Amino acid sequence: MKKILLIEDDVSIAELQRDYLEINDFSVNIQHTGDAGLQQALQGNNDLIILDIMLPGVNGFEICKQIRAVKDIPILLVSAKKEDIDKIRGLGLGADDYITKPFSPSELVARVKAHLARYERLAGRSQAKTNTVFVHGISIDKSARKVHVNGEEIPFTTKEFDLLLFLVMHPNQVLSKEQLYERIWGMESAADVSTVTVHIRKLREKIERDPAHPKFLETVWGAGYRFNV
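S.K.: Please explain the pairing of strand 2 (residues 27-31) as it appears in this structure.
M.R.: Regular strands place their side chains on alternate faces of the sheet. In the sheet, strand 1 (residues 3-7) pairs with strand 2 via five bridges, with the strands oriented parallel. Directly across from Ile-7, in strand 2, lies its bridge partner Gln-31. What joins strand 1 to strand 2 is helix 1 (residues 11-23), and the crossover it makes is right-handed.

If you want it as structure tokens, here you go:
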């Protein structure tokens, strides 16, 4: 069963859309605020996201931008705003479709099915694409275990690659040294968590324009590290 994330602040509209989607055998998770929706979008295992633009907290444009930086899934923007500039902006940020309110729930279901089918066809044609993560000019090929920064291939050790990939796949989350050490090194190394600090420094030297003042791989003092997207 395909999983749909529905980010909509109007409870009645969200419930109506959910009912129609569930009738058509979709599993639906509703979030009513931008902050909760963004967190679920980045952390959850969703097949498609229906995203209202006007939300409390983080707006739909920003959510779309952050999702597209790390995930390749269909995003359908929904808005009562009919201006072309909003449509252009949304599609330019990586949305796959822009639906103007009011619309019929059956139209929404039809578009959801069409975009899921399209993505499945594209995935079948280009499996390599789904194995590559793009963020901040960095491309990480998970299958070949290669990293390119602004088009240039940069050599990474096994642990450097694993650490970078784990941070990128958990964007905007504060991860402690202990969490990173357990996840990347496990029980195979006798070193202490200072190993994490050393590897973070090496990552910054390879991906940051100014490693002394990092923009992407941030230190959260007293808590750990966060990869900003």
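From this point, the discussion proceeds with the structure in view.
S.K.: So what exactly am I meant to see when it comes to the side chain of Asn-46 here?
M.R.: Within the secondary structure layout, Asn-46 lies in the loop between helix 2 (34-43) and strand 3 (48-52). Residue contacts for Asn-46: discarding those within four places in its chain leaves Lys-3, Leu-5, Gln-40, Ala-41 and Ile-73.

S.K.: Looking at this structure, I do not really get the pattern of salt bridges. What am I missing?
M.R.: One side chain can pair with another of opposite charge once the charged atoms of both are near each other. The full count for this structure, using the stated rule, is twelve salt bridges. With a shortest N-O distance of 3.6 Å, Asp-52 and Lys-101 are connected by a salt bridge. With a gap of 49 residues between them, Asp-52 in strand 3 and Lys-101 in the loop between strand 5 (97-100) and helix 5 (105-125) connect regions that are remote in the sequence. Notably, a salt bridge pairs Arg-201 with Glu-205, separated by 3.3 Å at the nearest N-O pair. Residue Arg-201 and its partner Glu-205 are both found in helix 9 (residues 194-207); the two are separated by four residues, about one turn of the helix. Relative accessible area serves as the criterion here: at 44%, Arg-201 is assigned to the partly exposed category. Taking the relative accessible area as the measure of exposure, Glu-205 reaches 47% and is therefore partly exposed.

S.K.: Can you help me understand the packing of helix 2 against helix 3 (residues 60-70) in this one?
M.R.: How two helices sit against one another is set out by the angle between their axes and by the gap between those axes. Viewed as axis vectors pointing N to C, helix 2 and helix 3 meet at an angle of 10°, and their least axial separation amounts to 10 Å. With respect to helix 3, the element helix 2 is oriented roughly parallel. Of the residues in helix 3, those in contact with Gly-34, Leu-38, Ala-41 and Leu-42 of helix 2 are Ile-63, Gln-66, Ile-67 and Val-70. Its residues assigned to classes, the contact of helix 2 with helix 3 shows six nonpolar, two polar and no charged.

S.K.: Whenever I open this one, the nonpolar core confuses me. Can you help?
M.R.: A general tendency of soluble globular proteins is for nonpolar side chains to be buried together. Core analysis: the largest hydrophobic core is formed by 28 residues, its most contacted members being Ile-140, Leu-164, Leu-167 and Phe-227. Of all the secondary structure elements, the ones that give two or more residues to this core are strand 6 (132-135), strand 7 (138-141), strand 8 (146-149), helix 7 (158-168), helix 8 (177-184), helix 9 and strand 11 (224-227). At seven residues, the largest contribution of residues to this core is made by helix 7. Excluding residues within four positions of it along the chain, Leu-164 makes contact with Ile-140, Val-147, Phe-156, Leu-203, Ile-207 and Phe-227. Ranked by size, the runner-up nonpolar core spans 20 residues in total, among them Ile-7, Ala-41, Ile-49 and Tyr-98.

S.K.: Help me understand the sheet that holds strand 8, please; the structure alone is not making it clear to me.
M.R.: If you trace the four strands from one edge of the open sheet to the other, you get 6-7-8-9, paired in antiparallel fashion. Of all strands in the sheet, those with a lone pairing partner are strand 6 and strand 9 (152-154), marking the two edges. For this sheet, the mean inter-axis angle between neighbouring strands, taken without regard to orientation, is 25°. Taken together, the four bridges between strand 6 and strand 7 define a ladder with antiparallel strand orientation.

Definitions and limits used
- Residues numbered from 1 in each chain as written.
- Predicted model: local features only at pLDDT ≥ 70, side-chain atom pairs only at ≥ 80, totals over all residues.
- Heavy atoms only, no water.
- Pairing = 2+ DSSP bridges.
- Helix = DSSP H or I, 4+ residues; strand = E, 2+ residues; numbered from the N terminus.
- Right-handed = clockwise from strand over helix to strand, strands pointing away.
- Contact = heavy atoms within 4.5 Å.
- Salt bridge = Lys/Arg side-chain N within 4 Å of Asp/Glu carboxyl O.
- Buried < 20%, exposed > 50% of the residue type's maximum accessible area, 1.4 Å probe, protein only.
- Axes fitted to C-alpha atoms, helices over the stretch in contact; angles between N-to-C directions.
- Parallel < 35°, antiparallel > 145°, perpendicular 65-115°, else oblique.
- Nonpolar A, V, L, I, M, F, W, Y, C, P; charged D, E, K, R; others polar.
- Core = buried A, V, L, I, M, F, W, Y, C linked by side-chain atoms within 4.5 Å.

Scope: geometric values only; no functional claims are made or implied.
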